[in-house]
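Spelled out from the first residue to the last, the chains are:
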Amino acid sequence: MGSINEDFLEAYNRLLEICEPIYGSSDSVQSYLDEMNELKSKAADKVADWRNCHLKLNELCKLGTQMNSGDAPIDSYKCHKEDIFWLKHFGTRIKKQEDPISLYKQKADSREEKELDFVEEIVEEPQVTEDTVEQNTSTDTGNKKIIYIMIGVGVVLIVVTLVALHLSGYFDLYK
C-alpha cells in the first residue's frame, strides 16, 4: 500500500477509466463535470446531492489533474483518506447508474414517458364496435331501472309522510 497521495491518484485514475468509455476523452472526469454544468439549471433541484457532488468532484478533479500533470512531486499535495473513499464510491455509483447525471436522466426519461403516455391517451380515439354499443345500451337500461326504482321509493315516502301528518292532525291547524 502506497502513501495517501498515491492511493488518491490511483483512485482518481480509476475514476478516469470508468468515465472514459462514457465520454470518450482522456479527461473524462472533467467531461462529467462539464455535463453537470450543462444540466445544472434543470437537474440541481431534482437530484438530492447534485450540488454537493458537483463541488466535491470539482475539487477532487482539480487535485487529480494537477497530480497527473507531474508539475510537482506527488508528496507535495494534501490528500485525505475520505477523498479516496469518496472517489471509489463515486465510481461505483457511476457503474450502478446511481450518480447525479444518471439519476437525472432516469427521472427525465420517466417524466417523458409519462407525458407521452398522457398525450397518447388524449390523442387516441375510442374504438366503437357493436360490442361497445351493446354494452353501453345495456348499461343505460340498467341505469334507467335504478332511476325508476328511486323515483318510486321517493313517491312512497312522500305519501307515507302526508298520511302520517294527516293522522297526527297537522292539517287541522289550518281550518
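Above this text sits the structure in question.
Fair warning: this is a prediction, and the values are worked out from it, not measured in the lab. (Residues numbered from 1 in each chain as written. Predicted model: local features only at pLDDT ≥ 70, side-chain atom pairs only at ≥ 80, totals over all residues. Heavy atoms only, no water.)

A.B. asks: Before we go on, may I ask you to explain the overall build of the chain in this structure?
C.D. replies: For the chain, the count of helices and strands is six helices and zero strands. N-terminal to C-terminal, the α/β element order of the chain is α-α-α-α-α-α. For the chain, buried positions account for 27% of its 175 residues. Put simply, of all contacts in the chain between residues at least 6 apart along the chain, 68% involve residues at least 24 apart. (Helix = DSSP H or I, 4+ residues; strand = E, 2+ residues; numbered from the N terminus. Buried < 20%, exposed > 50% of the residue type's maximum accessible area, 1.4 Å probe, protein only. Contact = heavy atoms within 4.5 Å.)

A.B. asks: Just to check I follow, could you spell out helix α2 (residues 28-43) for this structure?
C.D. replies: Helical geometry: 3.6 residues make up each α-helical turn, so side chains three or four residues apart lie on a common side. If you look at α2, its biggest bend is around 35°, right at N37. Within the sequence span of α2, burial applies to S28, V29, S31, Y32, L33, E35, M36, L39 and A43. (Bend = angle between axes of the 7 residues up to and from the residue.)

A.B. asks: Could you clarify how one ought to interpret the packing of helix α1 (residues 4-23) against helix α3 (residues 50-69) in this entry?
C.D. replies: When two helices pack together, their arrangement is given by the angle between the helix axes and the distance between those axes. For the pair α1 and α3, interaxial distance at closest approach is 10 Å and the crossing angle is 105°. Regarding the angle of α1 to α3, the classification is roughly perpendicular. Contacts between α1 and α3 involve N5, F8, L9, Y12, N13, L15 and L16 from the former and L57, L60, C61, L63, G64, T65, M67 and N68 from the latter. (Axes fitted to C-alpha atoms, helices over the stretch in contact; angles between N-to-C directions. Parallel < 35°, antiparallel > 145°, perpendicular 65-115°, else oblique.)

A.B. asks: How do you make sense of α3 when you look at a structure like this?
C.D. replies: The first and last C-alpha atoms of α3 sit 28 Å apart over 20 residues, in line with the 28 Å expected at 1.5 Å per residue. For α3, the complete set of buried residues consists of W50, C53, H54, L57, L60, C61, L63, G64 and M67. Looking one or two places after α3, you find G70, whose phi comes out positive at around 75°. (Expected span 1.5 Å × (residues − 1).)

A.B. asks: Honestly, the environment of K81 in this entry has me stumped. Any pointers?
C.D. replies: Looking at the secondary structure, you find K81 in helix α4 (residues 81-95). What makes K81 exposed here is its relative accessible area of 61%.

A.B. asks: I'm lost on unusual backbone geometry in this one. Help?
C.D. replies: For residues other than glycine, phi is negative in most cases, and the peptide bonds are mostly trans. The backbone of Q97 sits at a positive phi, close to 60°, despite the residue not being glycine. On the accessibility criterion, Q97 (48% relative accessible area) is partly exposed.

A.B. asks: It is not clear to me how the side chain of S28 should be interpreted in this structure. Could you clarify?
C.D. replies: Residue position: S28 is located in helix α2. Engagement of the side chain of S28 in a polar contact is seen with the backbone oxygen of L16, the distance being 2.7 Å. Not counting the four nearest positions on each side in its chain, S28 is found in contact with L16, C19, E20 and Y23. (Polar contact = N/O pair within 3.5 Å; in protein donor to acceptor, adjacent residues only side chain to side chain.)

A.B. asks: Just to check I follow, could you spell out the pattern of salt bridges for this structure?
C.D. replies: Once their charged atoms are close, side chains differing in charge can pair, the charge on each being opposite to the other. Evaluation of the coordinates by the stated rule reveals six salt bridges. One salt bridge connects E35 with K105, and the closest N-O pair in it is separated by 2.8 Å. On the criterion of sequence distance, the pair formed by E35 in helix α2 and K105 in helix α5 (residues 100-123) is long-range, its members being 70 residues apart. Residue K105 is classed as partly exposed on the basis of its relative accessible area of 40%. For K56, the salt bridge identified is with E59, shortest N-O distance 4.0 Å. Taken together, the residues K56 and E59, both in helix α3 and three residues apart, mark about one turn of the helix. Classification of K56 as partly exposed rests on a relative accessible area of 22%. Judged by relative accessible area, E59 falls into the partly exposed class, the value being 43%. One continuous salt-bridge network, built from bridges that share partners, spans K56, E59 and D83. (Salt bridge = Lys/Arg side-chain N within 4 Å of Asp/Glu carboxyl O.)

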